[in-house]
Amino acid sequence: MGSVSLNTPPTGMPQVPEPDLHQVLTPDGHRRPDHDLDPWLQDVTAPMLAGLHRDMTVIRRLDTECTHLQRQGELALWPPLLGQEAAQVGSAAALRREDYVFPSYRENGVAYLRGVDPLGLVRLWRGSTYAGWNPAEANLAAQQIIIGAQSLHAVGYAMGLQRDGADTVAISYFGDGATSQGDVNEAMVFAASYHVPVVFFCQNNQWAISEPVSLQAKRHIADRPWGFGIPAMRVDGNDVLAVLAATRRALERARNGGGPTFIEAVTYRMGPHTTADDPTRYRSAEEVEAWRAKDPIDRVEAYLAATLTDADRDPDGVGPLTVERVREVSEAAADQMATALRAGVAELADPGPEALFEHVYAEPHYELERQREHYRLYLAQFDGEQLEAGAR
Amino acid sequence: MSAQEITFGKAISAGLRAALAEDEKVVLMGEDIGTLGGVFRITDGLMQEFGPERVVDTPLAESGIMGTAVGLAYRGYRPVVEIQFDGFVYPSFDQIVSQVAKTHYRTRGAVPMPVTIRIPFGGGIGSPEHHSESPEAYFVHTAGLRVVSPSTPQEGYDLIRAAIASDDPVVYLEPKRRYHDRGPVDLAAPLRPMGPAAVAAAGTDVTLVAYGPLVKTCLQAAEAAAGEGISIDVIDLRSLSPIDYGLIEASVRRTGRLVIAHEAGRTGGLGAEIAATVTERCFHWLEHAPVRVTGFDIPYPPAKLEHHHVPDLDRILDGVDRALGRANSLDSIDPFAPPVPLAADGTERA
Ligand SMILES: Cc1ncc(C[n+]2csc(CCOP(=O)(O)OP(=O)(O)O)c2C)c(N)n1
Ligand SMILES: [Mg+2]
């Protein structure tokens, strides 16, 4: 009657930690020692920080550009990530190419860092397609709008990794609101039971549309996974180094058979929920201002300003590396991305009606073929409109 | 009292306000319905007016909302839950189908489930995935649930009050793309029953049945057809479960022709049910097979393609032409061709 168990129970229950916020860079750019995270930051150099600064600057620009494109009618909707750059860049930078990401709709910065063409994001959010990228190319699952569903998918993927003996990790991104969904809680049960190589990365941006995180959780979100037998860490999500270190630590644990880890990245959604939202209806300007002082990009600049010396050389030039130079390089990268994006948007064509019937099934479906044929004949009655082959 | 011109959204809002005022057991629950007033602002101001115990912002969990509504109903409350968008009802589907719909039956009537489930549904507003679906057939297929969908502000007001007053669970489907339409609403109207369908426009040549968002499109089609000398009897179902077949049958016996329009996909949709029932009951009066004008059997498509999917005036008129045996899009297809036999592998034989 015995059934095969893939369950490798962790030896002993993990200790419940202090609910302290792990932070290695203070908002004013001071480096704080952190016993748990410092070992994962041994390789941090000025050029590496400059690279993180560049990535955060580029995705912030991508975000502002898309918000503008929505205002100009090019996009139907856009969910801003403004304020969450460190959480997205720090975590994505820790991943290997083969690690597999299961995002929500807000991880557009993560998508960019996975190599997704920003134009793909535009096509998605303007309503031309549901496929902003090919998951198999980016190792990034299709974006998820059904809150929390992707957390289970990450666990299932990790179950596959476990069977394959792969040295790879699945990571699921979701919000604070999502932690109320059954799916996310079931994902933690499965992940713990099977001890799979998965990382739960929760961006607690304080709000689920108009609902404060206090409605979803009476204690810190990071307190909850412990009850499922999953170690959790609460990190300053606006501190790119803390996020990088915490994610590295979790990934390494997963790679070495240590099972799931939960990271609560404490951050803030500086913009509206989406371009259709009016946040002034539910939160105060003071609250937003208080978080502005914790800006993730400013703090890297402050840290660089305090620590760069003449010995730090500009990797691309001859002079010393300065904050101004870092900013200049980051802005240039952002400009380049934005120029290409604008040019691409001008070229975009709408999909043709043939795309309606494509890919509903993997195999021919004769009843749907009939509907397609009938619609083709229907459109043929009108001048000019024909079923065009393929989505553009 | 005379009617006032208000939007569809405000009419539903007024109905909710009236229900909250009339019965202290009425409790509104949902995501973002309190402080924000709902993403469509249907509950705007109600939390301020009735307090956070009557108008409740819930955690982000639809199964939680629906399951606790069942518990509140056990305790004698009348929960009115808002599902933010059609595509988000499915996490609560188990609670709806197995609990909300069946508790009265399972307890031999001892425990009624006066739960109202408000769902903004349908497409046409350029939304992302999961925001434009028409899930009515799932609910109509579930015994124990009543399903209604208003098509005018007055119906919006009347039906929400009737739904909340009903001792049965009612799925109340709000045609979201009509929220901003205006119409006269008599806020002093007496409570009206949910059941009867309505003649939205009287006609003699074809019976055109619709509900929710497509009633307006059908009225436009009737107007356009009138210009060509075709008289369409537009029937607004209002109640999708049960369906008021009396009105439809009486109309079909006069016209001999039936067209049903809905946004939901065709297979297993309401059109199929209505066509079958009317054929059974009015076979000898029918001059033509019933015609369905529906969404395709596809997932709701991306916004740039939705105008193809959602039946519009032209597609409805094409369906009317078919029912009348006039020139139409199917002319080059032989409707009486025998079905294509399937090969052993399931594909069509050449
Ligand atoms: C199942 C489901 N219910 C409701 C919604 C509507 N909705 C979209 S985003 C959102 C809030 C999500 O908050 P959170 O998980 O904190 O993520 P954030 O948007 O803050 O990134 C809600 C309620 C949805 N998309 N899916
Ligand atoms: Mg959030």
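All values derive from a computational prediction rather than experimental measurement.

Analysis parameters
Along each chain, numbering runs from 1 in the same order as the chain's sequence is written. Chain labels run from A onward and ligand labels from 1 onward, assigned in the order the entries are written. Per-residue local features are limited, in this predicted model, to residues with pLDDT of at least 70; the limit for side-chain atom pairs, both in listing and counting, is 80 or more; totals at the level of whole chains, interfaces and linings are taken over all residues. By convention in this description, side-chain values take in all heavy atoms of the structure and omit both hydrogens and water. Here a helix means four or more residues in a row that DSSP labels H or I, a strand means two or more in a row labelled E, and each is numbered from the N terminus. A radius of gyration in this sense is built from C-alpha atoms; the matching globule rule multiplies 2.2 Å by the number of residues raised to 0.38. Only protein chains enter the calculation, and the probe is 1.4 Å; a residue is then buried if its accessible area is under 20% of its type maximum, exposed if over 50%, and partly exposed in between. Two residues qualify as a contact provided that any one of their heavy atoms is within 4.5 Å of a heavy atom in the partner residue. We call a residue near a molecule or strand when any one of its heavy atoms sits within 4 Å of it. A 3.5 Å cut-off defines polar contacts: any pair of N or O atoms within that distance qualifies, except that in protein one atom must be a possible hydrogen donor and the other a possible acceptor, and neighbouring residues in sequence count only when both atoms are side-chain atoms. For helices, the fitted line uses only the C-alpha atoms of the stretch in contact; every axis is such a line through C-alpha atoms, and the angle between N-to-C directions lies from 0 to 180 degrees. Polarity classes work like this: nonpolar for Ala, Val, Leu, Ile, Met, Phe, Trp, Tyr, Cys and Pro, charged for Asp, Glu, Lys and Arg, and polar for all others, with Gly in that last group. We call two strands paired when DSSP finds no fewer than two bridges between them. Boundary definitions for the domains trace back to an automatic or database domain assignment. Using a 1.4 Å probe, buried area is obtained as the accessible area two parts lose upon being combined, added over both of them. A side-chain nitrogen of Lys or Arg and a carboxyl oxygen of Asp or Glu constitute a salt bridge if their distance falls within 4 Å. Under the convention used throughout, the expected extent of a helix is 1.5 Å for every residue step, that is, one less than its residue count. It is the directions from the helix axis to the C-beta atoms whose arc is reported. Note on handedness: a clockwise path from strand one over the helix to strand two, with the strands aimed away from the viewer, defines a right-handed crossover. Only protein atoms enter the 1 Å grid used here, on which a cavity is any set of points holding a 1.4 Å probe that cannot leave and a pocket is any open set flanked by protein within 12 Å on both sides along at least five of seven lines; residues with an atom within 4 Å of a point are listed as lining. Grid points are joined across faces, edges and corners, and a volume is the space filled by probe spheres set on the points. When the centres of two rings from Phe, Tyr and Trp lie within 6.5 Å, Trp using its six-membered ring, the rings pair. Their planes under 30 degrees apart give stacked, over 60 give edge-to-face, and anything left gives tilted. Look at NZ for Lys and CZ for Arg. If either is within 6 Å of the ring centre and within 35 degrees of the ring normal, a charge sits over the ring.

### Regarding the overall build of chain B
Here comes step 1: A count of helical and extended segments in chain B gives twelve helices and 14 strands.
Here comes step 2: What you see for chain B is a C-alpha radius of gyration of 21 Å, in line with the 20 Å of a compact globule of 350 residues.
Here comes step 3: Viewed in the frame of its principal axes, chain B has a C-alpha envelope of about 60 × 55 × 45 Å.
Here comes step 4: Within the span of chain B, comprising 350 residues, buried residues form 57% of the whole.
Here comes step 5: Summarising the internal contacts of chain B: among those between residues at least 6 apart in sequence, 78% fall at separations of at least 24.

### What about the site of ligand 1?
Here comes step 1: What surrounds ligand 1 is a group of 21 residues, the closest being Tyr 105, Arg 106, Ile 145 and Gly 177 of chain A together with Glu 62 of chain B.
Here comes step 2: Looking at what sits near ligand 1, you find residues from chains A and B.
Here comes step 3: Between ligand 1 and Ile 147 of chain A, the relevant distance is 3.2 Å, taken from a nitrogen atom to a main-chain nitrogen or oxygen of the residue.
Here comes step 4: Asn 205 of chain A is positioned such that a nitrogen or oxygen atom in its side chain is 2.9 Å from an oxygen atom of ligand 1.

### Concerning the packing of helix α11 (residues 296-307) of chain A against helix α12 (residues 323-347) of chain A
All names here are of chain A.
Here comes step 1: Between α11 and α12, the least distance of the axes is 9 Å, while the angle of their chain directions is 145°. Of the residues in α12, those touching α11 at Glu 301, Leu 304 and Ala 305 are Val 323, Val 326 and Arg 327.
Here comes step 2: Its residues assigned to classes, the contact of α11 with α12 comprises four nonpolar, no polar and two charged.

### Focus on the sheet that holds strand β3 (residues 55-57) of chain B
Residues and elements named next belong to chain B.
Here comes step 1: Ordered by their spatial adjacency, seven strands build an open sheet running β3-β2-β4-β5-β7-β6-β12, and the pairing between neighbours is mixed. Two strands lie at the open edges of the sheet, namely β3 and β12 (239-241), each paired on one side alone. Sheet twist, expressed as the mean angle between neighbouring strand axes with direction ignored, is 20°.
Here comes step 2: Those strands touched by helix α1 (residues 8-22) are β2 (26-30), β3, β4 (78-82), β5 (116-121) and β7 (170-175), and its axis lies near 135° from that of β2.

### Side note on the domain arrangement of chain B
Residue and element names in this part refer to chain B.
Here comes step 1: Here the domain parsing of chain B yields domain 1 (8-185) and domain 2 (198-332).
Here comes step 2: One C-alpha centre belongs to domain 1, the other to domain 2; they are set 27 Å apart.
Here comes step 3: Taken together, the contacts link 26 residues of domain 1 with 23 residues of domain 2.
Here comes step 4: For the pair domain 1 and domain 2, the summed buried surface comes to about 1,800 Å²; carbon and sulfur atoms form 53% of the total.
Here comes step 5: Between domain 1 and domain 2 we count three salt bridges in total.
Here comes step 6: Going through the elements one at a time, α6 (136-140), β6 (146-148), α7 (153-165) and β7 are the ones with two or more residues in the side of domain 1 that touches domain 2.
Here comes step 7: Of the residues in the side of domain 1 that touches domain 2, the class split is eleven nonpolar, nine polar and six charged.

### Some points on helix α13 (residues 366-380) of chain A
Here comes step 1: The end-to-end C-alpha distance of α13 of chain A, which contains 15 residues, comes to 21 Å, matching closely the 21 Å that a straight helix rising 1.5 Å per residue would cover.
Here comes step 2: Listing the buried residues of α13 of chain A in full gives Leu 368, Gln 371, Arg 372, His 374, Tyr 375, Tyr 378 and Leu 379 of chain A. Along the axis of α13 of chain A, the buried positions cluster into a sector of 165°, meaning they face one direction only.
Here comes step 3: Looking at the buried side of α13 of chain A, the elements it contacts are α11 (306-309) and α12 (313-324) of chain B.

### Here's the deal with the domain arrangement of chain A
You'll often see interface size given as the accessible area lost when the parts meet.
Here comes step 1: The domains assigned to chain A are domain 1 (3-346) and domain 2 (353-391).
Here comes step 2: The C-alpha centroid of domain 2 of chain A is placed 40 Å from the C-alpha centroid of domain 1 of chain A.

### Quick notes on unusual backbone geometry
All names here are of chain B.
Here comes step 1: In this structure, Pro 242 follows Ser 241 across a cis peptide bond, with omega equal to 0°.
Here comes step 2: Inspection of the secondary structure assignment puts Pro 242 in the loop between β12 and α9 (245-255).
Here comes step 3: Located in the positive-phi region is Arg 41, a residue other than glycine, with phi close to 65°.
Here comes step 4: As for its placement among the helices and strands, Arg 41 is situated in the loop between β2 and α2 (46-50).
Here comes step 5: Even without being glycine, Arg 108 reaches a positive phi, approximately 50°.
Here comes step 6: By the secondary structure assignment, Arg 108 is in the loop between α5 (103-106) and β5.

### What to know about the sheet that holds strand β10 (residues 206-210) of chain B
All names here are of chain B.
Here comes step 1: Strand order in the open sheet made by the five strands is β9-β11-β10-β13-β14, with mixed pairing throughout. Every interior strand has two partners, whereas the edge strands, β9 (198-201) and β14 (291-295), have only one. Mean inter-strand twist for the sheet, computed between neighbouring axes without regard to direction, equals 25°.
Here comes step 2: Across five bridges, the pairing between β10 and strand β11 (residues 232-236) is parallel. Looking at the pairing, Val 206 lines up with Ile 232 of β11.

### A word on the pairing of β10 of chain B
On any regular strand, side chains alternate: one points to one face of the sheet, the next to the other face.
Residue and element names in this part refer to chain B.
Here comes step 1: For β10, a buried count of five out of five residues is recorded, marking the element as mostly surrounded by other parts of the structure.
Here comes step 2: Burial along β10 is two-sided: Val 206, Leu 208 and Ala 210 facing one way and Thr 207 and Val 209 facing the other are all buried.
Here comes step 3: Taken together, β10, helix α8 (residues 214-226) and β11 form a β-α-β motif whose crossover is right-handed.
Here comes step 4: In terms of strand pairing, β10 meets strand β13 (residues 258-265) through three bridges, oriented parallel. Counterpart to Val 209 in the pairing with β13 is Ile 260.

### A few points about empty space enclosed by the protein
Over the atoms a probe the size of a water molecule is rolled, and this reveals where empty space is left.
Here comes step 1: Applying the stated criterion to the full structure yields three cavities of 30 Å³ or more.
Here comes step 2: Space inside the largest cavity adds up to approximately 110 Å³.
Here comes step 3: Lining the largest cavity are 15 residues, and of these Leu 124 and Gly 127 of chain A together with Ser 127, Pro 128 and Glu 129 of chain B lie nearest its centre.
Here comes step 4: For the lining of the largest cavity, the class distribution of residues is eight nonpolar, five polar and two charged.

### Focus on the packing of aromatic side chains
Here comes step 1: Inspection of the entire model under this criterion finds 23 aromatic pairs over all chains.
Here comes step 2: Pairing Phe 85 of chain B with Phe 88 of chain B gives two aromatic rings, centres 5.9 Å apart and planes at 75°, and the pair type is edge-to-face. With respect to burial, Phe 85 of chain B and Phe 88 of chain B carry one shared label: buried.
Here comes step 3: Of the aromatic side chains, those joined through ring pairs into one cluster are Phe 357, Tyr 375, Tyr 378 and Phe 382 of chain A together with Phe 296 of chain B.
Here comes step 4: Directly above the aromatic system of Trp 285 of chain B lies the positively charged group of Arg 253 of chain B, at a separation of 4.4 Å from the ring centroid.

### As for the pattern of salt bridges
Think of it this way: side chains of opposite charge can pair up when their charged atoms draw near.
Here comes step 1: Summed over all chains, the structure comprises 45 salt bridges over all chains.
Here comes step 2: We note a salt bridge from Asp 86 of chain B to Lys 176 of chain B, for which the minimum N-O separation is 2.6 Å. In this pair, Asp 86 of chain B is assigned in the loop between β4 and α4 (93-100) and Lys 176 of chain B in the loop between β7 and β8 (182-185), connecting sequence segments 90 residues apart. The two residues Asp 86 of chain B and Lys 176 of chain B agree in class, both being buried.
Here comes step 3: For Glu 228 of chain B, the salt bridge identified is with Arg 326 of chain B, shortest N-O distance 2.8 Å. In this pair, Glu 228 of chain B is assigned in the loop between α8 and β11 and Arg 326 of chain B in the segment after α12, connecting sequence segments 98 residues apart.
Here comes step 4: One network of salt bridges, in which partners are shared, links Glu 74, Arg 126 and Asp 350 of chain A together with Lys 304 of chain B.

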